[in-house]
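Structural description and commentary
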Amino acid sequence: MSLRVRQEQGTIPWEPDAYGQSHLGGPLEVWRSAGPCQLLVFAAIHGDEAETTTALSKTLRHLTNPSPHCAVVLAANPDGLIRGTRANARGVDLNRNFPTKDWQSDPVLHRYTLDAPREVALSPGDSPGSESETQALIRLIQELKPEAVVALHAPLACVDDPNDSKLGRWLSKRSGLPLVPDVGYPTPGSFGTWAGEQRLPVVTYEFGLITPDEAVRKQVPVLVELLTQPIQQ
Ligand SMILES: [Zn+2]
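Because the structure is predicted, anything quoted here is derived from the model rather than measured.

1. What about helix 6 (residues 212-228)?
- Helix length check: helix 6, at 17 residues, gives a terminal C-alpha distance of 22 Å against a target of 24 Å (1.5 Å per residue), a fit within 8%.
- Where helix 6 bends most, at Gln-219, the angle is about 45°, and the proline Pro-221 comes one to four residues later.
- Of the residues making up helix 6, those classed as buried are Ala-215, Val-216, Gln-219, Val-220, Val-222, Leu-223, Val-224, Leu-226, Leu-227 and Thr-228.
- The secondary structure elements touched by the buried residues of helix 6 are strand 3 (39-42), helix 1 (50-62), strand 4 (70-73), strand 7 (148-153), helix 4 (166-175) and strand 10 (202-206).

Structure representation (structure tokens):
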């Protein structure tokens, strides 16, 4: 696949489809693959991880045409992204809202900064899968039927792959981030847990604690390869 010259990378050269609406009525957008969807890559299910959206957008802008095999969601939580919050506009951490066997109604505690204690309380939702963004992502996956999903997060600096898959090992090697089997704490109601229950392999690609500019320099070449080369399975 040919890549665009830098001067043309200001915009994404093809249009997305809406796969639903956020709580505030914003579009949930997917840039579809040209052929059958083997892989879905999504960013910013946590609205305060904007560097994942920037890096994935710059990746799409390298391409002249849709990826042959990979569908892309730049912001799974657009309301959080525009408000700068981890949660959606209703204060729900979407990555604890998926309808899993272990979903919990307890508040989700997260760190204000990476070195702070877990003290900021967010909601996991009124019930499993209560949020429109969660429901829409599940419907999208049921429609696309990808063979695997890569979820972009920050800033834990690792590739989390409970399946130790070829894709996870490739991403770890290519990005230089360590491969880990879990993030070291329970994540009830997370996307990864839900996908595991559906037997859908998920690799969580956690950028490090780096600037958006560094995220682009370090991660975009890896993501361009992921979108343009046959996937490692
Ligand atoms: Zn995250």
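Right, picking up where we left off after that structure.
2. Re the packing of helix 4 against helix 6
- Between helix 4 and helix 6, the least distance of the axes is 10 Å, while the angle of their chain directions is 145°. Considering the relative orientation of helix 4 and helix 6, their crossing is right-handed. Facing helix 4, whose interface residues are Leu-167, Trp-170, Leu-171, Arg-174 and Ser-175, helix 6 presents Gln-219, Pro-221, Val-222, Glu-225 and Leu-226.
- Looking at the contact of helix 4 with helix 6 residue by residue, the classes come out as six nonpolar, two polar and two charged.

3. Looking at the layout of surface pockets
- Volume-wise, the largest pocket comes out at about 900 Å³.
- Lining the largest pocket are 41 residues, and of these Arg-86, His-153, Leu-156, Tyr-185 and Glu-206 lie nearest its centre.
- Only strand 5 (108-111), strand 6 (118-122), strand 7, helix 5 (191-197) and strand 10 provide two or more residues apiece to the lining of the largest pocket.
- Among the elements that take part in the lining of the largest pocket, helix 5 stands out by supplying four residues, more than any other.

Each value, and the rule that gives it
- Residues numbered from 1 in each chain as written.
- Predicted model: local features only at pLDDT ≥ 70, side-chain atom pairs only at ≥ 80, totals over all residues.
- Heavy atoms only, no water.
- Helix = DSSP H or I, 4+ residues; strand = E, 2+ residues; numbered from the N terminus.
- Expected span 1.5 Å × (residues − 1).
- Bend = angle between axes of the 7 residues up to and from the residue.
- Buried < 20%, exposed > 50% of the residue type's maximum accessible area, 1.4 Å probe, protein only.
- Contact = heavy atoms within 4.5 Å.
- Axes fitted to C-alpha atoms, helices over the stretch in contact; angles between N-to-C directions.
- Left-handed = near helix turned anticlockwise from the far one by under 90°.
- Nonpolar A, V, L, I, M, F, W, Y, C, P; charged D, E, K, R; others polar.
- 1 Å grid on protein atoms, 1.4 Å probe; cavity = no way out; pocket = protein on both sides within 12 Å on 5 of 7 lines; lining within 4 Å.
- Points joined across faces, edges and corners; volume = space filled by probe spheres on them.

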